[in-house]
Amino acid sequence: MNIKRVIRSRIRNWELHLSKTSKKRYINYLRKQGVKIGENIWMTPCIKTVNIDITRPSLVEIGDVRIDRNFTLLTHDAGFYVLLNKWHEFIPQSGKVKIGNNVYFARNCTVFKGVTIGDNCIIGFGSVVTHDIPANSVAVGVPARVVGTVEDYYKKRSTKCISEALAYAKSIEERFHRKPRLDEFWEEFPLFVDKENMHLYPHLPYKRQLRDSFDYWVEHHKRIYDGFEEFLKAAGIE
């Protein structure tokens, strides 16, 4: 047994364990190992469920992304084990993984070696990415395949979000036998708020939700309903 190797391995394991006590520590740890990673990254609070392969850190490039729980990124494959036992040859496997900016990974996603994902992509729940995903795509499945463009998704969501918000408001009335409260619509507020009336609802989390898009949103967004009460009426709530 190589004592020095065992000690180094234990130190690395301890450093990794310690790094996963916060998002900031983990990202700093990845950078220290040599991973190229963006400055504006959102990771699930469950950092321990995020596994980014650092056996070959020079093969990992991650832009400004949003990563949910149970995310795995691989730059190598241990299939050599079977080949070694059958042919007694050691055949390594590895490949670069490059992820662009403004990419969202839903829960339980895996990215395999040799994959490039372009900017402005949505990778759906439970997807296993085994091939390149071009920029401005929505991809989902095992293996992940492109099912549409981000523009298609934008248009679809811009319409569908209205009926969803109205149904949510009605569900509150039906479930709790009361009128919905304004603070329960911390995501749905764009349907009834714009710069003309946002002063009437000062406690809604505009800047927290809109982030860097806040100024643009204030200047360009137009509400659908003339205030919260009109929104509730559209939902059938008086």
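Rules used in this analysis
- Here the residue numbering is sequential within each chain, running from 1 through the sequence in written order.
- Local features in a predicted model are, by the rule used here, given only for residues with pLDDT of at least 70; side-chain atom pairs are given and counted only at 80 or more, and totals for whole chains, interfaces and linings are based on all residues.
- Note that the side-chain values use all heavy atoms of the structure and ignore hydrogens as well as water.
- Under the DSSP-based scheme used, a helix requires at least four consecutive residues in state H or I and a strand at least two consecutive residues in state E, with every element numbered from the N terminus.
- Note that the radius of gyration is over C-alpha atoms, with the globule rule given as 2.2 Å times the number of residues to the power 0.38.
- The buried label applies to any residue whose accessible area, calculated with a 1.4 Å probe on protein chains only, is under 20% of its type's maximum; exposed applies above 50%, and partly exposed to all values in between.
- We call two residues in contact whenever any of their non-hydrogen atoms come within 4.5 Å of each other.
- All accessible areas in this document rest on Shrake-Rupley with a 1.4 Å probe, and a residue is counted as covered only by the protein chains that are shown.
- Asp and Glu are treated as the negative residues and Lys and Arg as the positive ones, with His and the ends of the chain left uncounted.
- Charge positions come from single atoms, namely NZ of Lys, CZ of Arg, CG of Asp or CD of Glu.
- Being paired, for any two strands, means DSSP has found at least two bridges between them.
- Here a Phe, Tyr or Trp ring, Trp counted by its six-membered ring, pairs with any other such ring whose centre lies within 6.5 Å, and the pair is stacked when the planes are under 30 degrees apart, edge-to-face when over 60, and tilted otherwise.
- Here, a charge over a ring is recorded when the distance from Lys NZ or Arg CZ to the ring centre is within 6 Å and its angle to the ring normal is within 35 degrees.
- Throughout this description, the term nonpolar core refers to a set of buried Ala, Val, Leu, Ile, Met, Phe, Trp, Tyr and Cys residues connected via side-chain atoms within 4.5 Å.
- For this analysis, a salt bridge means a side-chain nitrogen from Lys or Arg found within 4 Å of a carboxyl oxygen belonging to Asp or Glu.

J.: Whenever I open this one, the overall build of the chain confuses me. Can you help?
T.: Regarding its fold elements, the chain presents 7 helices and 14 strands. Against the 2.2 N^0.38 benchmark of 18 Å for 238 residues, the chain shows a C-alpha radius of gyration of 23 Å, more extended than a compact globule. Projected onto its principal axes, the C-alpha positions of the chain cover 75 × 35 × 35 Å. By residue count, 35% of the 238 residues in the chain fall in the buried class. Pairs at least 24 apart in sequence give 37% of the contacts found in the chain among residues at least 6 apart. Accessible area for the chain stands at about 15,000 Å²; split by element, carbon and sulfur atoms hold 54% of it. For the chain, the distance from the average site of its 38 positive side-chain charges to the average site of its 28 negative ones is 11 Å.

J.: What is the right way to read the sheet that holds strand β6 (residues 72-73) from this model?
T.: Sheets are built from strands paired through backbone hydrogen bonds, the pairs being either parallel or antiparallel. Spatially, β3-β6-β9-β12 is the arrangement adopted by the 4 strands of the open sheet, whose pairing is parallel. Every other strand in the sheet has two partners, leaving β3 (51-52) and β12 (128-129) as the edge strands with one partner each.

J.: It is not clear to me how the environment of Y216 should be interpreted in this structure. Could you clarify?
T.: Note on placement: Y216 falls in helix α6 (residues 214-220). On the basis of relative accessibility, which here comes to 57%, the residue Y216 falls in the exposed class. Taking the C-alpha atoms as reference points, Y216 and V60, 156 residues apart in sequence, are found 33 Å from one another.

J.: I keep staring at the packing of aromatic side chains and nothing clicks. Help me out?
T.: Both the distance between ring centres and the angle between the ring planes are used here to describe each pair of aromatic rings. Inspection of the entire model under this criterion finds 13 aromatic pairs. Among the aromatic residues, those joined into a ring-pair cluster are Y168, F185, F192, Y201, Y225, F228 and F231. The ring of W42 carries the charged tip of R66 above its face, separated from the ring centre by 3.8 Å. Here the basic side chain of K86 rests over the ring of W87, its NZ or CZ set 5.3 Å away from the ring centre.

J.: Could you clarify how one ought to interpret the nonpolar core in this entry?
T.: Taken as a class, soluble globular proteins show a tendency for nonpolar side chains to be buried jointly. Residues I52, F71, I99, F105, I117 and I123 are the most contacted members of the largest nonpolar core, which totals 31 residues. Secondary-structure elements contributing two or more residues to this core are α2 (23-33), β4 (60-62), β5 (65-67), β7 (97-99), β8 (103-105) and β11 (121-123). The dominant element in this core, judged by the number of residues it contributes, is α2, at 4 residues. Aside from chain neighbours lying at most four places away, what touches I99 is E61, I62, G63, V65, F71, L73, F105 and I117. Counting 23 residues, the second largest nonpolar core, distinct from the first, contains L166, Y201, W217 and I237.

J.: What am I meant to see in the pattern of salt bridges here?
T.: Any two side chains of opposite charge can pair, on the condition that their charged atoms come close. According to the stated counting rule, one finds 15 salt bridges in the structure shown. A salt bridge links E61 to K36; the shortest N-O distance between them is 3.8 Å. With E61 in strand β4 and K36 in strand β1 (residues 36-37), this residue pair connects regions lying 25 residues apart in the sequence. Here E61 falls in the buried class, since its relative accessible area comes to 18%. Note on K36: relative accessible area 53%, which makes it exposed. Within the structure, one salt-bridge network assembled from shared partners comprises R178, R181, D183 and E184.

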